[in-house]
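Results of the structural survey
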Amino acid sequence: MSTAHGPSGGRRQLRARLRAARDAAGLTQEQAAEAMDWSLSKLIRIEAGTVSISTNDLKALLQHYRVDDPGTVAELLALARLSRQRGWWVQYREIFERERAYYDYVGLEAEAATLRVFQPIGMPGLLQTESYARAYISAAVPSQVEPDDVTVRVGLRLRRQEELFSRPVPPTLQVILDEANLHRHIGGTEVLREQLERLRKDGTKDHITLQILPFTAESYGATGQFNLLSFEAGTPDVVYIESTPTVALVDQPAEVETYRQTFARLQKLALNPSESLEMINKMVTQMV
């Protein structure tokens, strides 16, 4: 039975199982597309998860792949219907058309059960205040971007927080934050103080674990910002990498495992949660 609970997870499961079914049938993408009287690009997009597949097309494709077990067919049809649902983030699709990896990430984030975030620069988007988010985004986006676009991006960031943490059972969020970010006055002193207050509050919540990687920690290598998302059984982990100029989603098992090990190593190098909150408290006290 499918364990995906949203369109992004459903699409990822479906594309993986369709590729596996085609491989099991001993067909190349070209052979399958020709047999279905489709363009090759259509099949490639379906297997890449960039477009949905209708239930009629799916039934015909499964028949060609000789997938006829009623239970399996029913599961795949359920995934196809799920993948065609519209998540709340769809309203931002046109705005972020040129940032496809980020758009896809938002959909996956909305369905994650556990998020592990390493943030070497700036505060984690999911824990940013509105003022900090505006200052951070304004500094990060190209200078020719209109103020209205910055407002949209800030709104999306706040919407992500609202949707994620208003769930009946919020996902687990584990954050490792470089100590330098506690000192960098993005937006000015008052904005930073408000942001540190937010971190102090969020760090006490049961579903959030916050660790600071101190200046005294040994070198951890050239690792940029990454978010490792885990889902309920049935949907494989994925990593979102955001390090100028690279922004990408990674779902190859070997690569994902590398990031999983990297995060575990960073956890050992970082202060424990209690020590981390103590450092943040000290920073806030000094800024009053």
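What counts, and where the lines are drawn
- Residues numbered from 1 in each chain as written.
- Predicted model: local features only at pLDDT ≥ 70, side-chain atom pairs only at ≥ 80, totals over all residues.
- Heavy atoms only, no water.
- UniProt positions renumbered as here; feature names shortened; annotations may be inferred.
- Helix = DSSP H or I, 4+ residues; strand = E, 2+ residues; numbered from the N terminus.
- Salt bridge = Lys/Arg side-chain N within 4 Å of Asp/Glu carboxyl O.
- Buried < 20%, exposed > 50% of the residue type's maximum accessible area, 1.4 Å probe, protein only.
- Pairing = 2+ DSSP bridges.

In the annotation of an unreviewed UniProt entry, the entry for the protein chain reads Transcriptional regulator with XRE-family HTH domain, and the organism field reads Catenuloplanes nepalensis.

Under the feature "domain: HTH cro/C1-type" (unreviewed entry), the UniProt entry names residues 18-73. Counted over residues 18-73, helix gives 68% and strand 0%. Its end C-alpha atoms are 11 Å apart.

Looking now at the pattern of salt bridges. Enumeration over the complete set of coordinates arrives at 18 salt bridges. Between Arg22 and Asp23 there is a salt bridge, and its shortest N-O distance comes to 3.7 Å. For Glu99, the salt bridge identified is with Arg153, shortest N-O distance 2.7 Å. Of the two residues, Glu99 is situated in the loop between helix H5 (70-83) and helix H6 (100-109) and Arg153 in helix H8 (residues 147-165); the sequence distance between them amounts to 54 residues. Looking at Glu99, the relative accessible area reads 28%, which means it is partly exposed. What you see here is one network of salt bridges that share partners, running through Arg116, Asp237, Glu257 and Arg260.

What follows covers the pairing of strand E1 (residues 114-119). Two faces belong to every sheet, and in a regular strand the side chains alternate between them. Among the 6 residues of E1, 5 are classified as buried, and the element is accordingly described as predominantly covered. Inspection of the sheet shows E1 paired to strand E2 (residues 172-178) by 6 bridges, in the parallel sense. When the bridges of E2 are listed, Val117 appears paired with Val175. Relative to strand E4 (residues 225-230), E1 runs antiparallel, the two sharing 5 bridges. By the bridge assignment, Phe118 is partnered in E4 with Phe226.

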